[in-house]
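Structure assessment
Below, each chain spelled out in residue letters.
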Amino acid sequence: MCWLRAVSLISMLFLASTYGGKLSYQSLHLTPSTLSALLASFRQVELLNLNGLQIEEVDTNAFAYTHTIQELYMGFNAIRYLPPYVFQNVPSLTVLVLERNDLSSLPRGIFHNTPKLSVLSMSNNNLERIEDDTFQATTALQYLQLSSNRLTHVDLSLIPSLFHVNVSYNLLSTLAIPIAVKELDASHNSINVIRGPVNVELAILKLQHNNLTDTAWLLNYPGLVDVDLSYNQLEKITIHHFVTMQRLERLYVSNNRLVALDLYGRAIPTLKVLDLSHNHLMWVELNQAQFDKLQYLYLDHNSIVTLKLSSHHTLNTLTLSHNDWDCNSLRALFRTVARPVIDDVDQHCKIDYYLEHGLCCKESDNPYLNRLLQYIAMTSVVEKQRKKEPCSATDAINSVQSLVHFITQQRVVSLESNEQLDAEVNELRAEVQQLTNEQIQQEQLLQGLHAEIDTNLRRFRLSKDELARPSDNLNKVFTHLKDRHAFKLRETQARRTEADAKQKETEHLEQKNIALVKQLDNKNTMQILLRQETLLKRQKIKQLLAKLSKHRSN
């Protein structure tokens, strides 16, 4: 069988060397020695496709005689280690794909003789760290794919030639942005620090699902067009961090901790899409100049009380549900905004709230004052105890922070020191810190489970859906195991059926053999009887001949 596989590969290598130097094969299990020996005989290969061949190890001299290789695909294998000089003799290499293997590290100097390498994909491995000098010699590298690993360190700013980078689904805490990259996906990490030189080329930046707390670093990237900062820990957005931007069209900051938004009456002229949903915003009145120029504005799931838009706004879509609307403000808003523009509605309203124009609102002469008193009642521990209601540390601290930010923004109330309140706030902060630590532990455990899911996906050669939830990918593993178990059961049952059939056939043959033996014994007995009868007849013939001879002589 191994000889047949070797012959097949030799045939393909011959065809590759004869017809254009391209080699692609996808149904072999190659050992390091076999791969090295076969490639040594064909030195004109330019494209080598070794995807999905169950390769577990690559010999140092595997590509010693294939100097012409330009594109090398080794994805969907089980490679755990690469020798330091394995690519020493492929100076023309431009594309290298090592995705979906089991690599945990890269040896120093592995790319020191691949100056033309422009595309490198190592996604879905177990890489934990990439040293700073790894890509020192790859001056042409433009596309780098490192998603779905376990990276805690990679300094992308040391690779100035990069054009497109994906380091999503890793464990990075610091992101160093290269000087000329145009598209960068660093989502689903733990990034809280962003650094790097000024980059006027960067257009698309994906940083959702990280731990960012400020946006001051945006000043270094004036050419941004699309920025996704959703699912972070931002508490404030200021226009000062966007003043240099001349092309920004889409800004996503949903699911953060925003309690205030004040663009000081200045608008980002090119901005078309602004997503502020799922935050803690209450006061947005000073942003009308920006809101009027947008095409898509998402304000749902906040605590907004009033909103003003001019009659010449350019909005096509506006979401407003799950807020704390004042009814009078809502009526005024609907005089300038048509219903088709508002794209969502509330289903159920709280006590003292009414459904108007599909949105819940509350009648009040002094809406912000009433909301202020409401927040004080909600955040007062004494009030909670008086009402015998349970006190949630998380809700309380969020409410207090919202109140403080609102008062600071409006400067309408002077706060006086209160030792009791200070003590309560400190106690709440301590509880929140404890909850935060527990949350971090749970997130680390969750990341470990996600990594285990990725490991099992690679182990069973299953494709990972990057856009699906981890539970969906886990179900894919379970489904595969279930199918494999069912296949084994069917295979076992088929083997048993085949064995039973063989047993019955054997028993039938044994019975037939016994019958044949009996038949043979009978024939042997008959043969003996015939021999005896023949002997008697011969004796009679002799006697008759003797009588005949005697009769003739007389």
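Quick note: structure is the one above.
First, a word on what this report is: a plain description of the structure on this page.

How each quantity is defined
- Residues numbered from 1 in each chain as written.
- Predicted model: local features only at pLDDT ≥ 70, side-chain atom pairs only at ≥ 80, totals over all residues.
- Heavy atoms only, no water.
- Helix = DSSP H or I, 4+ residues; strand = E, 2+ residues; numbered from the N terminus.
- Buried < 20%, exposed > 50% of the residue type's maximum accessible area, 1.4 Å probe, protein only.
- Contact = heavy atoms within 4.5 Å.
- Areas by Shrake-Rupley, 256 points an atom, 1.4 Å probe, with all protein chains shown as cover.
- 1 Å grid on protein atoms, 1.4 Å probe; cavity = no way out; pocket = protein on both sides within 12 Å on 5 of 7 lines; lining within 4 Å.
- Points joined across faces, edges and corners; volume = space filled by probe spheres on them.
- Nonpolar A, V, L, I, M, F, W, Y, C, P; charged D, E, K, R; others polar.
- Pairing = 2+ DSSP bridges.
- Core = buried A, V, L, I, M, F, W, Y, C linked by side-chain atoms within 4.5 Å.
- Salt bridge = Lys/Arg side-chain N within 4 Å of Asp/Glu carboxyl O.
- Phe/Tyr/Trp six-rings, centres within 6.5 Å; stacked < 30°, edge-to-face > 60°.
- Arc of directions from axis to C-beta.
- Disulfide = S-S within 2.5 Å.

Details of the overall build of the chain
Counting secondary structure elements, the chain contains nine helices and 21 strands. Counting only residues that meet the buried cut, the chain has 40% of its 554 residues in that class. Of the contacts made within the chain by residues no fewer than 6 positions apart, 40% connect residues no fewer than 24 positions apart. Accessible surface, the chain: about 31,000 Å² in total, of which carbon and sulfur atoms supply 53%.

Here we look at empty space enclosed by the protein
Enumeration over the complete set of coordinates arrives at four cavities of 30 Å³ or more. Along the walls of the largest cavity sit Ile237, Phe242, Leu251, Leu261, Leu263, Ile268, Leu271, Leu274 and Gln290, which together make up its complete lining. For the lining of the largest cavity, the per-class residue count stands at eight nonpolar, one polar and no charged.

Overview of the pairing of strand β21 (residues 359-362)
The sheet contact formed by strand β19 (residues 325-326) and β21 spans two bridges and is parallel. In the sheet register, Trp325 faces β21, and the bridge partner there is Cys361. With three bridges connecting them, strand β20 (residues 354-356) and β21 associate as antiparallel partners. Looking at β21, one finds that Glu356 is bridged to Leu359. In textbook terms, the turn of a hairpin is the stretch between consecutive antiparallel strands, and for β20 and β21 this stretch comprises two residues, one of which, His357, has a positive phi near 55°.

What about unusual backbone geometry?
With phi around 55°, Asn255 is a residue other than glycine that occupies positive phi space. As for its placement among the helices and strands, Asn255 is situated in the loop between β14 (250-252) and β15 (260-262). Using a relative accessible area of 22% as the deciding quantity, one classes Asn255 as partly exposed. The backbone of His357 shows a phi angle near 55°, a positive value even though the residue is not glycine. Mapped onto the secondary structure, His357 falls in the loop between β20 and β21.

Points about the nonpolar core
Ranked by size, the top nonpolar core spans 94 residues in total, and within it Phe63, Phe87, Leu207, Phe291 and Leu318 carry the most contacts. Contributions of two or more residues to this core are made by α4 (327-334) and β21. For this core, the element with the most residues is α4, which contributes four residues. Counting residues in hydrophobic clusters, the runner-up holds five residues, among them Ile453, Leu457, Phe460 and Val477.

Brief notes about the pattern of salt bridges
For the coordinates displayed, the defined rule picks out 10 salt bridges. The salt bridge partner of Glu363 is Arg331, with a shortest N-O separation of 2.3 Å. Placement of Glu363 in the loop between β21 and α5 (367-379) and of Arg331 in helix α4 is noted, with a sequence separation of 32 residues between them. For Glu363, a relative accessible area of 39% puts it in the partly exposed group. A salt bridge links Arg495 to Glu491; its shortest N-O distance comes to 3.2 Å. Note that Arg495 and Glu491 are positioned in helix α9 (residues 470-553) at a spacing of four residues, about one turn of the helix.

Looking at the packing of aromatic side chains
Taken as a whole, this structure holds five aromatic pairs when the rule is applied. Centre to centre, the rings of Phe87 and Phe111 are 6.3 Å apart; their planes meet at 5°, and the pair counts as stacked. Of this pair, Phe87 sits in the loop between β3 (71-73) and β4 (95-97) while Phe111 sits in the loop between β4 and β5 (119-121), placing them 24 residues apart in sequence. Taken as a pair, Phe87 and Phe111 share a single burial class, namely buried. In this structure an aromatic cluster arises from ring pairing among Phe63, Phe87, Phe111 and Phe135.

Describing α4
The complete set of buried residues in α4 reads Cys327, Ser329, Leu330, Leu333 and Phe334. Buried residues of α4, seen end-on, are gathered within an arc of 160° and therefore sit on one face of the element.

Some thoughts on the state of the cysteines
Each disulfide is one covalent bond, formed between the sulfur atoms of two cysteines. As enumerated under the stated definition, the model contains two disulfides in all. One disulfide bridge connects Cys327 with Cys361, the sulfur atoms lying 2.1 Å from each other. Looking along the S-S bond of the Cys327-Cys361 disulfide, the torsion reads about 90°, which is the right-handed sense. Residue Cys327 is located in helix α4, and its partner Cys361 is located in strand β21; the two are separated by 34 residues in the primary sequence. The pair formed by Cys327 and Cys361 is uniform in burial state, with each residue classed as buried. Here Cys349 pairs with Cys360 through a disulfide, and the sulfurs are 1.9 Å apart. Here Cys349 and Cys360 share a disulfide; its torsion about the S-S bond, -90°, makes the bridge left-handed. Residue Cys349 is located in the loop between α4 and β20, and its partner Cys360 is located in strand β21; the two are separated by 11 residues in the primary sequence. On the accessibility criterion, Cys349 (31% relative accessible area) is partly exposed. The disulfide pattern of the chain is 1-4, 2-3 when the bonded cysteines are numbered in sequence order.

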